[in-house]
Amino acid sequence: MLPKVDAAAEFWRNRVLKLSSGIDTMGDVVWELALCLLLSWILCYFIIWKGTQSSSKVVYVTATAPYIMLFILFIRGVTLPGAINGIIYYVYPDFTRLADSKVWMDAGTQIFFSYAICTSTIVAMGSYNKFHHNCYRDCLILCTVNSFTSFFAGFVIFAVLGFMAHEQGVDVKDLALDGPGLTFIVYPKAIAQMPLAPLWSVLFFVMLVTLGIDSEFVGVEGFVTAISDIYPQLRRKNVREFFIACVCFVYFLIGLIMVTNGGMFVFQLFDNYSASGPTLLWFCFFECIAIGYAYGADKFYDDIELMIGYRINPWCKWCWKYISPVVCAGIFIFSLVTWAPMEYSDINYIFPAWSEGLGWMMALASMLCVPGYIIVKVLQGHGSLKQRLTHLLVPEFNDRHMRRRQETPGVATKL
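Computed from a predicted model, the values in this text were never measured in an experiment.

1. Let's talk about the overall build of the protein
Next, step 1: A count of helical and extended segments in the protein gives 17 helices and two strands.
Next, step 2: Its C-alpha atoms give the protein a radius of gyration of 24 Å, near enough to 22 Å, the size a compact globule of 415 residues would have.
Next, step 3: Over its C-alpha atoms, taken along the principal directions, the protein stretches across nearly 80 × 45 × 45 Å.
Next, step 4: Looking at the protein residue by residue over its 415 residues, the buried ones come to 36%.
Next, step 5: In the protein, the share of contacts with a sequence separation of at least 24, taken over all contacts with a separation of at least 6, comes to 73%.
Next, step 6: Approximately 24,200 Å² of the protein is accessible, and the part contributed by carbon and sulfur atoms is 70%.
Next, step 7: Within the protein, the 30 negative side-chain charges are centred at a point lying 11 Å from the centre of the 29 positive side-chain charges.

Right, dumping it as structure tokens:
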């Protein structure tokens, strides 16, 4: 007897992706996906080409629409047969999984992406605030809302996973779905069970577009802002628009690799190595070291007080100096010690060794910039090694920093 194949999974792999047998068989560009990719980057460009003046208005839609659809999907999901099994699997802890480094890596990556840590987006968008804006309050709200949303979304996902397991006659843990498969296989099956399914399908995929565009333009805005801070001439009106167009076009060309027949395997490679997992842990570790020790946690603590007018919880200082760097280093080392070949579990595909090597090359391309920049600055310094390191650990204040400090009573004397 042939095994039961899910129709949504078959449509996703064979019609939408036109998936090849592996990463070594890239095939041709899937023109439907290429056109969608082009449209997404055109939308991204016109959202951010005027800066926060235009992108801030778009956020009102892209940030609220997902919550409405999540609530609708939750109501429908918990009424499906087998949903309770998925929810129990979600909330019932399996402590044996703590020995799996992939669980820790996925959890860390989820937190990094959910809170936009080490991706420059929060810092870049926050740079548009006024100097005395209460960023501490915003951080608490961001963490609370993000954590609640992730926890609530888990019920939506696993309720439908329980339904799929019930339909296929298997346990929830035996479902082989990973990454985009959860979005383009599980959710469409849930929507198909609703009354007026075509209507909900349109609304759901509109929500996906808003989520994707939201993440897309915020990431590009963060990159553009960082580069513009280094090269202020890029802030000029026409120059900024041309620069953003060039950035979007380059990203589009890179994305074309991921809309070929083997593009999903390339996407998985990028997803695991280029901007997640070990890369983010590496940058978070060095950011904590820079703030907690190089610049000084106490100085950073005083700077926040200067901005918001009161001292924040000392727990933050302990996190900067001890908890966060230890956790990041621990997960990073644990993942290296227990390393296993990467797998695309949707079709039980094991990536070849050469592709893993390519993934680590992508990761190291950014990771080595941190120690590399330190070495370059030390070599460019003058005096003994101790004198060079001491000079590099002294913060450089620009005119705006000095003006802000001088405007605040009692601060100028601390310089």
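2. Overview of the pattern of salt bridges
One side chain can pair with another of opposite charge once the charged atoms of both are near each other.
Next, step 1: Here the structure, examined in full by the defined rule, presents eight salt bridges.
Next, step 2: Several salt bridges converge on common partners, so that one network encompasses Arg15, Lys18 and Glu32.

3. Remarks on the packing of aromatic side chains
Next, step 1: Under the counting rule described, the total for this entry stands at 25 aromatic pairs.
Next, step 2: Taking 5.1 Å as the distance between ring centres and 85° as the angle between the ring planes, the aromatic pair formed by Tyr90 and Phe155 counts as edge-to-face. Remark: Phe155 occurs in helix H7 (residues 135-168) and Tyr90 occurs in helix H4 (residues 83-91); sequence separation between them is 65 residues.
Next, step 3: Residue classification places Tyr90 among the partly exposed residues on the basis of a relative accessible area of 24%.
Next, step 4: Its relative accessible area of 18% is what places Phe155 among the buried residues.
Next, step 5: Taken together, Tyr89, Tyr90, Phe151, Phe155 and Phe158 form an aromatic cluster joined through their ring pairs.
Next, step 6: We note Lys299 situated over the ring of Tyr295; from NZ or CZ to the ring centre the distance is 5.9 Å.
Next, step 7: Taking the ring centre of Tyr301 as reference, the NZ or CZ of Lys317 above it sits at 4.7 Å.

4. Description of helix H2 (residues 31-48)
Next, step 1: Between its first and last C-alpha atoms H2 spans 26 Å; for 18 residues at 1.5 Å apiece the expected length is 26 Å, and the two agree.
Next, step 2: For H2, the complete set of buried residues consists of Ala34, Leu37, Ser40, Trp41, Cys44, Tyr45, Ile47 and Ile48. One side of H2 carries all its buried residues, which in axial view fall inside an arc of 165°. Relative to its buried face, H2 has exposed residues pointing more than 90 degrees away, namely Trp31 and Cys36.

5. Some thoughts on the side chain of Asn146
Next, step 1: If you trace the backbone, Asn146 turns up in helix H7.
Next, step 2: You can call Asn146 buried: its relative accessible area is 17%.
Next, step 3: Sequence-distant contacts of Asn146, that is, excluding residues within four places in its chain, are made with Ser114 and Tyr115.

6. A look at the nonpolar core
Next, step 1: Counting 46 residues, the largest nonpolar core has Ile23, Phe112, Phe204, Phe265, Leu281, Tyr344 and Phe351 as the members making the most contacts within it.
Next, step 2: It is H7 that contributes the most residues to this core, eight residues altogether.
Next, step 3: Residue contacts for Ile23: discarding those within four places in its chain leaves Phe265, Val266, Leu269, Tyr349, Phe351, Pro352, Trp354 and Ser355.
Next, step 4: Core analysis: the next-biggest nonpolar cluster, separate from the first, contains 18 residues, Tyr45, Ile213, Phe243 and Ile244 among them.

7. Comments concerning a nonpolar patch on the surface
Next, step 1: On the surface, Tyr293, Trp315, Trp318, Tyr322, Ile323 and Val327 cluster together into a nonpolar patch covering about 630 Å² of accessible area.
Next, step 2: Considering every element that reaches the nonpolar patch, the biggest residue donor is helix H13 (residues 315-337), with five residues.
Next, step 3: Among the secondary structure elements, Val327 is positioned in helix H13.
Next, step 4: Classification of Val327 by relative accessible area gives partly exposed; the value is 43%.

8. Focus: helix H1 (residues 7-16)
Next, step 1: For H1, every residue scored as buried is listed here: Ala8, Ala9, Trp12 and Arg13. Axial view of H1: buried residues confined to an arc of 125°, hence all on one face. In H1, the exposed residues that point more than 90 degrees away from the buried face are Ala7, Phe11 and Asn14.
Next, step 2: A positive backbone phi angle near 50° is found at Lys18, which sits one or two residues after H1.

9. Overview of the packing of helix H12 (residues 278-308) against helix H14 (residues 353-367)
The relative placement of two packed helices comes down to the angle between their axes together with the axis-to-axis distance.
Next, step 1: Across the interface, H12 lies against H14 with an axial gap of 10 Å and an inter-helix angle of 15°. It follows from the interaxial angle that H12 and H14 lie roughly parallel. In this structure, H12 meets H14 at a crossing whose hand is right-handed. Side by side, H12 and H14 meet where Pro278, Thr279, Trp282 and Phe283 of the first sit next to Trp360, Ala363, Ser366 and Met367 of the second.
Next, step 2: Across the contact of H12 with H14, the residue classes tally to six nonpolar, two polar and no charged.

10. Considerations on the side chain of Arg13
Next, step 1: On the secondary structure map, Arg13 appears in helix H1.
Next, step 2: Not counting residues up to four positions away in its chain, the partners in contact with Arg13 are Lys18, Leu19, Asp346 and Ile347.

11. Quick notes on the packing of helix H5 (residues 101-115) against H7
Next, step 1: Running from N to C, H5 and H7 cross one another at 125°; their axes reach a closest spacing of 10 Å. With respect to H7, the axis of H5 lies oblique. Two packed elements cross with a definite hand, and for H5 against H7 that hand is right-handed. Counting all contacts with H5, which are made through Gln110, Ser114 and Tyr115, the residues of H7 involved are Leu142, Cys143, Asn146, Ser147 and Ser150.

12. A few points about the confidence of the model for the protein
Next, step 1: On average, residues of the protein score 81 in pLDDT, and 90% of them are at 70 or above.
Next, step 2: Residue range residues 411-415 is modelled with pLDDT below 50. Its contacts to residues more than four positions away, or to other chains, number seven contacts.

About the thresholds
- Residues numbered from 1 in each chain as written.
- Predicted model: local features only at pLDDT ≥ 70, side-chain atom pairs only at ≥ 80, totals over all residues.
- Heavy atoms only, no water.
- Helix = DSSP H or I, 4+ residues; strand = E, 2+ residues; numbered from the N terminus.
- Rg over C-alpha atoms; globule rule 2.2 N^0.38 Å.
- Buried < 20%, exposed > 50% of the residue type's maximum accessible area, 1.4 Å probe, protein only.
- Contact = heavy atoms within 4.5 Å.
- Areas by Shrake-Rupley, 256 points an atom, 1.4 Å probe, with all protein chains shown as cover.
- Lys, Arg positive; Asp, Glu negative; His and termini not counted.
- Charge placed at Lys NZ, Arg CZ, Asp CG, Glu CD.
- Salt bridge = Lys/Arg side-chain N within 4 Å of Asp/Glu carboxyl O.
- Phe/Tyr/Trp six-rings, centres within 6.5 Å; stacked < 30°, edge-to-face > 60°.
- Lys NZ or Arg CZ within 6 Å of the ring centre and 35° of its normal.
- Expected span 1.5 Å × (residues − 1).
- Arc of directions from axis to C-beta.
- Core = buried A, V, L, I, M, F, W, Y, C linked by side-chain atoms within 4.5 Å.
- Patch = residues over 30% accessible without salt bridge, like charges linked within 9 Å, V, L, I, M, F, W, Y side chains within 5 Å.
- Axes fitted to C-alpha atoms, helices over the stretch in contact; angles between N-to-C directions.
- Parallel < 35°, antiparallel > 145°, perpendicular 65-115°, else oblique.
- Left-handed = near helix turned anticlockwise from the far one by under 90°.
- Nonpolar A, V, L, I, M, F, W, Y, C, P; charged D, E, K, R; others polar.
- pLDDT = per-residue confidence, 0-100.

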